[in-house]
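Structural overview for review
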Amino acid sequence: MTEIKQGDIVLQARGITKRYPGLVANDHIDFEIRAGEIHAILGENGAGKTTLMSILFGLTHPDEGEIYVFGKKVNFRSPLDAIDLGIGMVHQARKLISAHTVLENILLGHPHAGAILDMKKTAEEVKQLCDAYGYKIDLNAKVWHLSEGEKQMVEILKALYRGAKILIMDEPTSALAPPETEKLLETIQLMTKNELAIVPFITHKLPIVLSVSQRVTVLRRGKIVARLNTAEATEQSLAMEMIGREVLFNLKRPDVKIGKPILQVENISVHDDKDYWAARNISFEVREGEIFGIAGVSGNGQQPLAEALAGLRKASAGRVLFENKDITRLSSLERWKKGIGYIPSEQRAVGSIGDFSLVENLLMSYYYDDQFVKWGLIDAKKIRQLTQELIEEYNVATPNPDVKARNLSGGNLQKMILARVFSRKPRLIIANLPTQGLDVGAMEFVQNKLLEEKKAGAGILLISEDLDEIMALSDRIAPMYEGEFMDILPGGSAQRETVGALMAGHKQKAVQA
Amino acid sequence: MKLAGYTLKLEKKASFSGLEAILISVVAIAFALFLVGFIFLQAGVNPAEGYKAIFTYAFANSFGVPLTINRAVFILLSSFAFIVPIRAGLWNIGMAGQLYFGALSAFGVAYALGARVSGAVLSPWVVIPLMIVGAIVGGGLIGAIPGVLKGRFNTNEIVVTMMLNFIGYWVVAHMIKEGGPFMGSGGEGEGYKLPASIQAPVVSGVSVLTLAIALILAVLLYVLFTRTRFGYQIRAFGHSPAASRYAGISPFKIAFLTFVIGGALAGLAGYHYFGTVPNLNQIPKNYGDFGDMAFYGIICGLISQGNPLAAIPLALLFGGLTSGGRYVQGKLHLSYGIDYALLGVLMIVLVAFQFFFRYRFVLKKES
Amino acid sequence: MWEFWIRSLNASTIFAIAGLGEVVGQRAGVMNVGVEGAMLFGATIGFIVAKTTGSYLLGFLAGIAIGALIGLLHAFFTITLHGDQVVNGMGIWILGFGLTTYIGSPYAGPLGMGRIPTIGGLSPFFFAALVLTFVIWFVLFKTHWGLKIRSVGENPTVAEVSGINVVRTRYWSVIFSGAMMGLAGAVYALDYNPVWSYNLLMGWGFIALALVFFSMWNPYILLSGAVLFGALWQVSLNPESFLPNIFSRYIWRTFPFVITIIILVIMSTHWFSSRWGAAKPEALGLPYEKD
Amino acid sequence: APKPAATEAPAASDAKIGFAIEHFSVIEGTTWSGAQDRAGKRLQAKYPNVEYMYRENVAPDQSVPFAEEMIADGAKIVVGNAEFMGMPLKEIAAKYPDVYFVSIVASDLSTERNFIRYFPRQYQALYLEGLVAGALTQTGNIGVVSAFPNVQVLRRTAGFVMGVQDAAKLLNKEINIYVKYAGDWYLPQEERDIATTLVDQYKVDVLTQQTDSGSTLDVATEKGVWYIGKDMDTVGEYGWSNTDTVALSFDTRWEVGYNIMLEQYMAGNQNPTTILYPGMETTMTLADGTVVPTVDLMNNGKTGLDAISPKALPLIPQEILDLVKQRRDQMMNGEWDPFTDHEIVSNGTGLDLEGLPVPAAGTVVKEAGKEATVEFLLAQFNFDLQGTTILK
Ligand SMILES: Nc1ncnc2c1ncn2[C@@H]1O[C@H](COP(=O)(O)OP(=O)(O)OP(=O)(O)O)[C@@H](O)[C@H]1O
Ligand SMILES: Nc1ncnc2c1ncn2[C@@H]1O[C@H](COP(=O)(O)OP(=O)(O)OP(=O)(O)O)[C@@H](O)[C@H]1O
Ligand SMILES: [Mg+2]
Ligand SMILES: [Mg+2]
């Protein structure tokens, strides 16, 4: 291998095409990375970023196209081939074995691990890497004990320990709190300077792209729509390229009189599946016609809290009142019947049943309703008719109501879920990341629907990672960090920066601001 | 793979039609029979003749047909015991244990009514329904064990039901052997015989009462899955436990009820075979063979894709294969074990053919 | 008492060897409930080969080979064709019962060869089982191979992106696992009870399977469990020497299975998993489909 | 005197007579059914117009359909070779009045005009074996690997125990007889472990079995103790062992009883003997001209005293050998029977039957010199002989 200088092309892809049934995820993509550069790839959900990276890492085989590494044409049969050439990857979804220790994860598949594992030597070497980047981590801990940030460190250490020269990072910041994000950005800048690690950095978060990358490639629906030096880009221009039209938040924020409290949460605490505290001692109330926004990065306890309120998880302590009645011990079904509607964050795994038709999916909220089920027998005609009506009302793009839910696109599926929940006329709506993964049009539709419900007098608990969404919709905002509410701020007057700082756990900073 | 400008590719299927399912099953069964044909050949028997003997005995011989039907009812009930939990995504392979306990409990009812010592003291109109209830309760209670453990602790139901099969096997031995309470009059390692007065009705060698019950159950279960709230809940849970929990369906309730129902159905199979089939009317020495036969219910349930109506012809086929298989072994003086070999090959081939439910081969022209 | 323990340990040898094989397969994510079937094949083929050639060595090799072949069959159906592991395992059991009965019948009877010498009454295979336990523990937890095996059983997707060939690793694990079952069967038919009769194992394969769940997938616990089950087996045969008139011999027989259920329940409690994690390999029983 | 084997000409018709046995187990190996299978073959060899038909491993639900199917194929005599699948044949006896149905007796003795019950007096040979076993033991411990307590097993074991006790008395020895149950007829592992336990823990140096697998014999070989066989000549018939291990065995010739039925059938007898309980005095002539009794000592193809292993022979005192010879001759002539001659005293152990509890220990169930009824022996012998140790 010849000496590599900063600026040399180290990885090049030509005409990469990958087709999945019904769509082209990557459409003749040309792409290159130079030594010492951070090359950002930008695109909205489903644009094909992960697909492209998987191809460069040998995980997915392209239908067409060629890949060159350090100038040589390669044909990856498996990630092992890519790893051998010095490519490492930090995946969008964590790729660690939770039952194994940190060291075992780092050593797994290492080409020079040796038949008998030398844990002591490895520990020393990994320790040096840790020191170089200021990481502190217990190498013998089981991965399931670690926090999200620590897990990511492990992935980076794993790639570096394998001698990665090219490090692919797929949305590394999505699960991180702001301070962890900062730390990560520092680390990768250090890498490009010192270690000649080359890091294409993939995200759909514009500020991060602007602050850290030298070049940026924008993908839209599998095609490259722009490639430019970051210095020449602005947030607006990138957003335009990304979504192909101007972002117009056209929200009709209605003037609604806030009424009596519907939901009162008193000192509630919740544990997660692993028996750790997820939410601690939280109290608040949601009133009629009010949108109460919980702002926070995923993994700070919002999901367990939402589940506890929806009756899907036991509260370890505290009390929940709904319309002044104690519902702490009620099951989720009893809560549905009382008028609490829950929109879960995972539309495909939780919010719908992929193999069921839309009619049967609608039944998820109607099977307990005696108007649709008599003597245990389902009134098929009636539920079908209702499905048809809702499909029209919510503009769900589907040929007929017998289509399986798995065949609906993300936006349309979310519409269907909203239609199902809202059609029950809930008094309280718990909406957990309701616009996650949706494109702008669908996002706007969902947000407007929430506002309509607010106008109709329902209380809404909105959980979101998207600061803009929270700011735009909420009457009151509770930034949540590590299982606690940092504060509860009035929606109209709160400042973006204050909320952002609180979300990141910076109480001090917020006070100053 | 490339063939003259075409590529043969494997493609994942999103779904398959009922016709496709039937076609695949038929081809699978035919392929298994083809493989077993080699055993016939090796034993010096023309496979065509071997199969002719099996099928004519099973389906066209006046002595074989009642045997086939009695066994088919047993296999059908066993397959229902598998189908109900599997529609909820739960595996019941404990039909054997459940049917042992169902039978024990049915004979326990008769025993309590004095059937063992002094002959029936009550009319069959009372004893038979009570024995049926006993079988349902006994099987259901044993089914409840994996149900509760699954629902409460998420304990692997496959292992638990498998362990219960062995526990049931030995408990039966305890009850019928060496002075056990249900010991037959001679102490020959078999259960006591039901007095003739409380034996279930038999027409031309077929236990018609349990046959009717099994057929009615097939229809009821079909309606349960297609039309009812409970069936919907079971299916929803089977497709997505997370989504159905979100919709307010209690995982405990589903695991518990499907296993109780499954166990009860298996218990009924136990009553059917040991309590109503002519010349048995007792728990026989070789009750373990019938426990093994209940595994046909799994194959039946799998091929029928959980459809209780589709299970009927399959149960009939397997009932015929067990009776005809043993017949042909004796008739053609084949070495013992050929009928079990047929079952084993069939099972493995069917597993292999499940592949075609999920994948298809496509030919694409090179561009 | 010593005689009791010798008999217990000799029985536990069979459980342990088959159980260790199953542990390796399950650690790689593939469950084979057809242990009994694979053992029947190993016992019958091993017996026939030893009897016809007069060589113990060939007999054991044949038992191991047929076991490996059954493992290969299981691997092909479950890994390559994504068949259901439980159903295929049951198929192997029933096929084993049927075919070995059919094949073995003409060889019914004692082996008629000099017995394999014992060491103080203990079968040399007991010591082999001790060594195998250590070796398998060492390989699983101290070598890269073992790490790979455990990884494909915990999370094959992660193993794949770490550069592990999941399919190959699982294949070898399942083949090895089958070979061990074949060996266990051969030890049974050539050393423990060298008399061929149909269905000669009468459920010992299932005890070995239960043992794997009992063991929490740890070779040392498995070995201890094998000794416990072996002793329980002997108690069930000789209740008069221990606890006469408490249970019938039939009720004693249920004990290994009852204990296994209890252990399983304890393992699946929140109390257990929040302290020691899920003992069960996470991907156990799930077919791996690369996408 | 031995009953003369029937010599009158068979019925005029040469029409095929199907002789059908439904075997409850497989016939391969040292199984009960294997001996029955040989009987069927010998009868087929003897009578040109008799065709032996069979079904293997028949379950109780199959016994009637299989029987009817074989009758349709020409079976005239249908045997269920175990009571549990022989008794169902009673149900169809009336439907086929011209067919003889036969069920081996376990403890039920019911009959019909054309429903015959059959069992050989194996206890006579077992008594002789007991004499030899008692002479052979040096440790004074003899072990019986047994199936489970039932009338047949208890009666047979009693015959053996009686022989051992007579030897003990004669030789002035103290002998313990240990009986250990496996739980069923055919449990290879249990039988092995039980046999091993008997040798290792109870210091048994003579082993016999009332079960069907080959494991006990194998343990005897392995441990170097004497083995006394039952029901078949394992050495001569199967070559499974040799006379270094097998001191003595006996053979049951089922064909003798079946031959009586065939003769009666051929003679057009509408009322066959319905309870057949033949012993050593009843014989038949095989196709090759040899005359065989229903049961006789047999080992390595030799009968009588010659059946005793040459290696064991020098170990047995002459007085015992003389007694064996004397008793065998007497039984062959129908002049003596252990159960008639001896007092029968209960051990207090055994199996409670309905309406028939085990007699208390020490109860004299039958006085010496009184003939034991067929009904008592076949259906009511539900206790162990005094002096037997049952390991439960
Ligand atoms: N295995 C697959 N089978 C079918 N379609 C797939 C598969 N993997 C990805 N896709 C589809 O390909 C498209 C591109 O997916 P990809 O994951 O590359 O997007 P992305 O840009 O990484 O999006 P995100 O920001 O959500 O991570 C999406 O529409 C996705 O649904
Ligand atoms: N997880 C999945 N499983 C199966 N099919 C999927 C999955 N995700 C996406 N698809 C398929 O890919 C197609 C594109 O999905 P995607 O969510 O990118 O749609 P979209 O064009 O962005 O629509 P929308 O604007 O409604 O979100 C859909 O039609 C759907 O059939
Ligand atoms: Mg992505
Ligand atoms: Mg979309």
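Here the structure is a predicted model, which means the values were calculated and not measured. (Residues numbered from 1 in each chain as written. Chains lettered and ligands numbered in written order. Predicted model: local features only at pLDDT ≥ 70, side-chain atom pairs only at ≥ 80, totals over all residues. Heavy atoms only, no water.)

A look at the overall build of chain A
Per the secondary structure count, chain A includes 18 helices and 23 strands. Taking the principal axes of its C-alpha atoms as reference, chain A extends roughly 75 × 50 × 50 Å. A separation of at least 24 residues holds for 68% of the contacts in chain A among residues at least 6 apart in sequence. Summed over all atoms, the accessible surface of chain A reaches about 22,300 Å², with 49% contributed by carbon and sulfur. Side-chain charges in chain A split into 63 positive and 66 negative, and the spacing between the mean points of these groups amounts to 3 Å. (Helix = DSSP H or I, 4+ residues; strand = E, 2+ residues; numbered from the N terminus. Contact = heavy atoms within 4.5 Å. Areas by Shrake-Rupley, 256 points an atom, 1.4 Å probe, with all protein chains shown as cover. Lys, Arg positive; Asp, Glu negative; His and termini not counted. Charge placed at Lys NZ, Arg CZ, Asp CG, Glu CD.)

Section: the overall build of chain D
Looking only at helices and strands, one finds 13 helices and 20 strands in chain D. Its C-alpha atoms give chain D a radius of gyration of 20 Å, within 12% of the compact-globule value 21 Å for 392 residues. Here the C-alpha coordinates of chain D stretch approximately 60 × 45 × 40 Å along the principal axes. Looking at chain D as a whole, 68% of its 392 residues qualify as buried. In chain D, 70% of the contacts between residues at least 6 apart in sequence involve partners at least 24 apart. Total accessible area computed for chain D in this model is approximately 12,500 Å², and 49% of it derives from carbon and sulfur atoms. Side chains of chain D carry 31 positive and 52 negative charges; the gap between the two charge centres is 1 Å. (Rg over C-alpha atoms; globule rule 2.2 N^0.38 Å. Buried < 20%, exposed > 50% of the residue type's maximum accessible area, 1.4 Å probe, protein only.)

Quick look at helix α14 (residues 338-358) of chain B
One turn of the α-helix equals 3.6 residues, which is why residues spaced by three or four share an orientation. For α14(B), spanning 21 residues, the distance from its first C-alpha to its last is 31 Å, which sits close to the expected 30 Å at 1.5 Å a residue. The buried fraction of α14(B) amounts to 18 of the 21 residues, a majority that puts the element mostly inside the structure. (Expected span 1.5 Å × (residues − 1).)

A short note on the site of ligand 1
Residues and elements named next belong to chain A. Close to ligand 1 lie 13 residues; Gly46, Gly48, Lys49, Thr50 and Thr51 are nearest. Contact between ligand 1 and alanine 47: an oxygen atom at 3.2 Å from a main-chain N or O atom of the residue. Interatomic distance of 2.6 Å between a side-chain N/O atom of threonine 50 and an oxygen atom of ligand 1. For the shell around ligand 1, the secondary-structure elements that each account for two or more residues are β2 (23-34) and α1 (49-56). For the shell around ligand 1, the element with the highest residue contribution is α1, accounting for three residues. Tallied by class, the residues present in the shell around ligand 1 amount to four nonpolar, six polar and three charged. (Near = heavy atom within 4 Å. Polar contact = N/O pair within 3.5 Å; in protein donor to acceptor, adjacent residues only side chain to side chain. Nonpolar A, V, L, I, M, F, W, Y, C, P; charged D, E, K, R; others polar.)

Here's the deal with the interface of chain B and chain C
Contacts between the two partners involve 45 residues from chain B and, on the opposite side, 44 residues from chain C. Buried area between chain B and chain C, summed over both chains or domains, comes out near 4,100 Å², and the portion from carbon and sulfur atoms is 80%. Our count for the contact surface shared by chain B and chain C stands at one salt bridge. Salt-bridge contacts for C:Arg249 lead to B:Glu178; the nearest nitrogen and oxygen are separated by 2.7 Å. At the boundary of chain B with chain C, the tally comes to five residue pairs in polar contact (both at pLDDT 80 or more). Looking at the side of chain B that touches chain C residue by residue, the class counts come to 32 nonpolar, eight polar and five charged. (Buried area = accessible area lost by both parts, 1.4 Å probe. Salt bridge = Lys/Arg side-chain N within 4 Å of Asp/Glu carboxyl O.)

Some words on the layout of surface pockets
Approximately 1,200 Å³ is the volume attributed to the second largest pocket. As for the second largest pocket, its lining consists of 49 residues, of which B:Lys193, B:Asn279, D:Met87, D:Pro88 and D:Glu91 are closest to the centre. Of all the secondary structure elements, the ones that give two or more residues to the lining of the second largest pocket are α3 (64-87) of chain B together with α2 (60-72), α3 (83-86) and α4 (90-93) of chain D. For the lining of the second largest pocket, the class distribution of residues is 22 nonpolar, 15 polar and twelve charged. (1 Å grid on protein atoms, 1.4 Å probe; cavity = no way out; pocket = protein on both sides within 12 Å on 5 of 7 lines; lining within 4 Å. Points joined across faces, edges and corners; volume = space filled by probe spheres on them.)

Quick word on the sheet that holds strand β14 (residues 315-322) of chain A
Either a parallel or an antiparallel arrangement is found when strands of a sheet pair, and the pairing is made through backbone hydrogen bonds. Residues and elements named next belong to chain A. A sheet is described by the order of its strands in space; here four strands give the open sequence β12-β11-β14-β15, paired in antiparallel fashion. Strands with a single pairing partner mark the edges of an open sheet, and in this sheet they are β12 (277-287) and β15 (325-326). Sheet analysis places strand β11 (residues 261-271) next to β14, joined by six bridges and oriented antiparallel. Each residue of the ladder has a partner; that of glutamate 266, found in β14, is arginine 319. Most of the contacts of helix α9 (residues 302-310) go to β11, to which it runs at about 125°, and overall it touches β11, β12 and β14. (Pairing = 2+ DSSP bridges. Axes fitted to C-alpha atoms, helices over the stretch in contact; angles between N-to-C directions.)

Regarding the packing of aromatic side chains
For the structure on display, the rule yields 78 aromatic pairs over all chains. Each ring, one from B:Tyr51 and one from B:Phe55, has its centre 6.4 Å from the other, and the planes form 35°; the classification is tilted. Here B:Phe55 and B:Tyr51 lie together in helix α2 (residues 47-60), a separation of four residues that amounts to about one turn. Positioned over the ring face of A:Phe445 is A:Lys415, at 4.9 Å from the centre of the ring. Above the plane of the ring of A:Tyr394 lies A:Lys449, whose end atom (NZ or CZ) is 4.2 Å from the centre. (Phe/Tyr/Trp six-rings, centres within 6.5 Å; stacked < 30°, edge-to-face > 60°. Lys NZ or Arg CZ within 6 Å of the ring centre and 35° of its normal.)

Thoughts on the interface of chain A and chain B
On the chain B side, the residues contacting the 29 residues of chain A number 18 residues. Both faces combined, the contact of chain A with chain B buries some 2,000 Å², and carbon together with sulfur accounts for 58% of it. Considering only the side of chain A, the residues that lose the most area to chain B are A:Leu312, A:Phe356 and A:Tyr367, jointly responsible for 31% of the buried surface there. Linking chain A to chain B there are two salt bridges. Linking B:Arg229 and A:Asp370 is a salt bridge whose minimum nitrogen-to-oxygen distance equals 3.7 Å. Those elements that provide at least two residues to the side of chain A that touches chain B are α10 (332-338), β16 (340-343), α11 (347-351), α12 (358-363), β18 (377-378) and α14 (410-422) of chain A.

Looking at the domain arrangement of chain A
The extent of an interface is frequently quoted as the accessible surface area lost upon association of the parts. Domain annotation of chain A identifies domain 1 (9-243) and domain 2 (262-351 + 426-512). Centre-to-centre, using C-alpha coordinates, domain 1 of chain A lies 32 Å away from domain 2 of chain A. (Domains from an automatic or database assignment.)

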